[in-house]
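So you can see what is in the structure, the chains are spelled out below.
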Amino acid sequence: MNSDAGIRELRRRAKLRLLRMHYESNVGHIGGNLSVLDIMLTLHHQVLRADVDEFILSKGHAAGAWYVTLWSLGLLSEEDLVRFHKDGTRLAGHPPARGIPAVSFATGSLGHGLSLAAGLALAKRVKSESGRVFCVTSDGEWNEGSTWEALIFVAHQRLRNLVVFVDVNGLQGFGTTREVANLEPLAAKLETFDIVVREIDGHDPDAISEAVREDGSAGRPIFILAKTCKGCGVSFLEHRMDSHYLPMNEAQYRQAVDDVTRS
């Protein structure tokens, strides 16, 4: 992704493939995949170093966005995507424990990904290994006590090699994050743990890349609150809670493709 035109084409191509994969498999969770796709693409194409860095998708129901990202890198095949969510597939609805080299852990039971990422980051430090660990969480899983326990550990250990994204799309399974269990202002709460907290537009590749820079932040872990739109780029899915669950019918799929193609 070395030019604006290249970035736009990558995003368009990935969105179209994500939509087709979910439509053909009759699978939902489309809104949350679209909210995090730009973060996934930017990290994997511009930031992550395959030989030393680790990636954990705590927001496991966005597995489709990760699969399409790996496909865009040539790490998954077209045949793999065609078998998404089908019997015998290695592309399950949540990242699997085995079968995909890029996936270190099965995730999707929300609230565990940050703990896994913290363990990897500490292990790298103990073993004097280079590289960083990147973790993407949903905003809804910050309702989980286990996530806050992991944060206590991360801050206490000062895991400077850990970068955590929070996909702040404002919606979760049963309503808005403010309605279900309001944690606002989340940034202010996180800052009390003496970590670096940055707030960005989660659909801006330049902002995403800049936010993860290593700038000598007093040896502290970096937490990035990425403001996103659930269902980004698809008119009838944007900011809609039902996009968390429902698959698309044929008419909706055709509309989604038209929206993305025209954008």
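Above: the structure in question.
Residues numbered from 1 in each chain as written. Predicted model: local features only at pLDDT ≥ 70, side-chain atom pairs only at ≥ 80, totals over all residues. Heavy atoms only, no water.

What to know about helix α6 (residues 145-157)
- For α6, with 13 residues, the first-to-last C-alpha span of 19 Å sits near the 18 Å given by 1.5 Å per residue.
- What α6 keeps buried is the set Thr147, Trp148, Ala150, Leu151, Val154 and Ala155. An end-on view of α6 places all buried positions within 155 degrees of arc, on one side of the element. Structural note: α6 exposes Glu149, Ile152 and His156 on the side pointing more than 90 degrees away from its buried face.
- Check the buried side of α6 and you find it contacts α5 (113-126), β3 (162-168), α8 (186-191) and β7 (222-227).
- Arg158 occupies a position one or two residues after α6 and carries a positive phi of about 50 degrees. (Helix = DSSP H or I, 4+ residues; strand = E, 2+ residues; numbered from the N terminus. Expected span 1.5 Å × (residues − 1). Buried < 20%, exposed > 50% of the residue type's maximum accessible area, 1.4 Å probe, protein only. Arc of directions from axis to C-beta. Contact = heavy atoms within 4.5 Å.)

Some points on the packing of α5 against α6
- Axis separation between α5 and α6 bottoms out at 9 Å; the angle between their running directions is 20 degrees. When the axes of α5 and α6 are compared, the pair comes out roughly parallel. Crossing handedness for the pair α5 and α6: left-handed. Of α6, the residues touching α5 (which contributes Leu114, Ser115, Ala118, Leu122 and Arg125) are Ser146, Thr147, Ala150, Leu151, Phe153, Val154 and Gln157. (Axes fitted to C-alpha atoms, helices over the stretch in contact; angles between N-to-C directions. Parallel < 35°, antiparallel > 145°, perpendicular 65-115°, else oblique. Left-handed = near helix turned anticlockwise from the far one by under 90°.)

Side note on the packing of helix α1 (residues 4-25) against helix α10 (residues 250-262)
- Running from N to C, α1 and α10 point in directions that differ by 175 degrees, and their axes come no closer than 10 Å. What the angle tells us is that α1 and α10 run roughly antiparallel. Contact residues: α1 offers Arg12, Lys15, Leu16, Leu19, Arg20 and Tyr23, while α10 offers Glu250, Tyr253, Ala256, Val257, Val260 and Thr261.

Side note on the packing of aromatic side chains
- Evaluated as defined, the whole model comprises six aromatic pairs.
- A centroid spacing of 5.0 Å and a plane angle of 70 degrees characterise the contact between Phe55 and Trp66, whose relative ring orientation is edge-to-face. Taken together, the positions of Phe55 in strand β1 (residues 54-57) and Trp66 in helix α3 (residues 63-72) put the pair eleven residues apart, joining distant regions of the chain. A single burial state applies to Phe55 and to Trp66, both of which are buried.
- Plain terms: the ring middles of Trp142 and Phe223 are 6.2 Å apart, the flat faces sit at 70 degrees to each other, and that makes the pair edge-to-face. You can see Trp142 sitting in the loop between β2 (133-138) and α6 and its partner Phe223 sitting in strand β7, a full 81 residues away along the chain. Of the two residues, Trp142 and Phe223, both sit in the buried class.
- Through a chain of ring-to-ring contacts, three or more aromatic side chains come together here, namely Trp142, Trp148, Phe193 and Phe223. (Phe/Tyr/Trp six-rings, centres within 6.5 Å; stacked < 30°, edge-to-face > 60°.)

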